[in-house]
Amino acid sequence: MNKCLKCAFWSNLCVGGMLQILDILQYACGLKHAPALTLNRNAYFKVSSIKNNPFSLWQIKGMALLVGISMILSGCSQESPVEKPVAPQTAAPVYDGTIVAVGDSLTAGLGVAEDQAYPAQLARRLQADGYNYHVINAGVSGETSSGALSRIEWVVASLRPDIVILETGANDGLRGLDPGLLKTNLDRLVGFLTARNIQVVLAGMLMLPNLGPEYTRAFSDIYPHIAEKHGVIFIPFFLDGVAGESRLNQPDKLHPTADGYARIVDTVYPHVVRAIERHKAM
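The rules behind these values
- Residues numbered from 1 in each chain as written.
- Predicted model: local features only at pLDDT ≥ 70, side-chain atom pairs only at ≥ 80, totals over all residues.
- Heavy atoms only, no water.
- Phe/Tyr/Trp six-rings, centres within 6.5 Å; stacked < 30°, edge-to-face > 60°.
- Helix = DSSP H or I, 4+ residues; strand = E, 2+ residues; numbered from the N terminus.
- Buried < 20%, exposed > 50% of the residue type's maximum accessible area, 1.4 Å probe, protein only.
- Lys NZ or Arg CZ within 6 Å of the ring centre and 35° of its normal.
- Core = buried A, V, L, I, M, F, W, Y, C linked by side-chain atoms within 4.5 Å.
- Contact = heavy atoms within 4.5 Å.
- Pairing = 2+ DSSP bridges.
- Axes fitted to C-alpha atoms, helices over the stretch in contact; angles between N-to-C directions.

(A) Quick peek at the packing of aromatic side chains. As enumerated under the stated definition, the model contains 3 aromatic pairs in all. Seen in terms of ring centroids, Tyr118 and Phe238 are 5.4 Å apart; in terms of plane orientation they differ by 70 degrees. Their pairing is edge-to-face. In this pair, Tyr118 sits in helix α4 (residues 118-128) while Phe238 sits in the loop between β7 (233-235) and α9 (258-281), placing the two residues 120 residues apart along the sequence. Accessibility classification places Tyr118 together with Phe238 in one group, the buried group. Taking the centre distance of 5.8 Å and the plane angle of 55 degrees together, the rings of Phe219 and Tyr223 count as tilted. Of the two residues, Phe219 and Tyr223 both sit in helix α8 (residues 213-230), 4 residues apart, roughly one turn of that helix. By relative accessible area, which is 0% here, Tyr223 ends up buried. Connected via pairs of aromatic rings, a cluster forms that spans Tyr215, Phe219 and Tyr223. Between Arg125 and the ring centre of Tyr269, over which it is positioned, the NZ or CZ distance is 4.2 Å. A cation over a ring is seen here: Arg196 above Phe192, with NZ or CZ 3.6 Å from the ring centre.

(B) Here's a closer look at the nonpolar core. Judged by nonpolar contacts, the single largest core of 59 residues is most densely connected at Ile99, Tyr118, Leu186, Met205 and Phe238. Residue contacts for Phe238: discarding those within four places in its chain leaves Leu106, Tyr118, Glu167, Ala203, Gly204, Met205, Ile264, Thr267 and Val268.

(C) View of the sheet that holds β7. With parallel pairing, the 5 strands of this open sheet are ordered in space as β4-β3-β5-β6-β7. With partners counted over all chains shown, the strands left at the sheet margins are β4 (133-139) and β7, one partner each. This sheet shows a mean twist of 15 degrees between the axes of neighbouring strands, independent of strand direction. Across the sheet, α4 touches β3 (97-103), β4 and β5 (163-167), and the angle it forms with β4 is around 175 degrees. Relative to the sheet, helix α5 (residues 145-159) contacts β3 and β4, its axis offset from that of β3 by approximately 160 degrees.

If you want it as structure tokens, here you go:
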């Protein structure tokens, strides 16, 4: 039942009820032939003659009928509420696989906009070249290899990567931590991922020479050793062409600018394509 019909129904019901009540009162007061029922200030209803009373029973009935008609007209004149259209839901994009970039501030993109960090720039380049892969930035600023190891199970369980770009260890070196700890952590990280058929792209890192030749050599030897042991794709130096270039680094000389990250994508890109090929071949 639409709004207009509902209003007419209830209005007719009210008018009919009012008229029936007036008829009952008329009969009860013995006014069937001449007297009328009069509205008065001091009493709700008063018996008097039609001649002396300005408001007769029939006038009151007429007024009740007019009220009912006005209710019908006012109800029909109101517009029915317009339902807001439901916005169509956009289907979630379907990807051929998921790439998760795990690392420290060099992955997180400290100091640049989120869309300028290397994972975001990598995602755009892959899409432009027809590689329909979802790239997720899972970088955490200040993280050491121990921190990466502590959260790798959560990363895999929640993000379900097919490929992981693993960039970690720079903060171990800057803090002068034992290279043996970095080696153990990387070994466990890569072993955990490969055991789950996840393709790994291991990003190599070099350390500043001010820590001494023995330390820097021990540090740099770790990455190719782990990559060879587990048979994963290896990037010899993640910051190749960026480290030491003032125009590609922020004032701290440690974190790349947006242009610096574009250069990193140039370095990382062919290795990621190899990982995609391996993933597709599985």
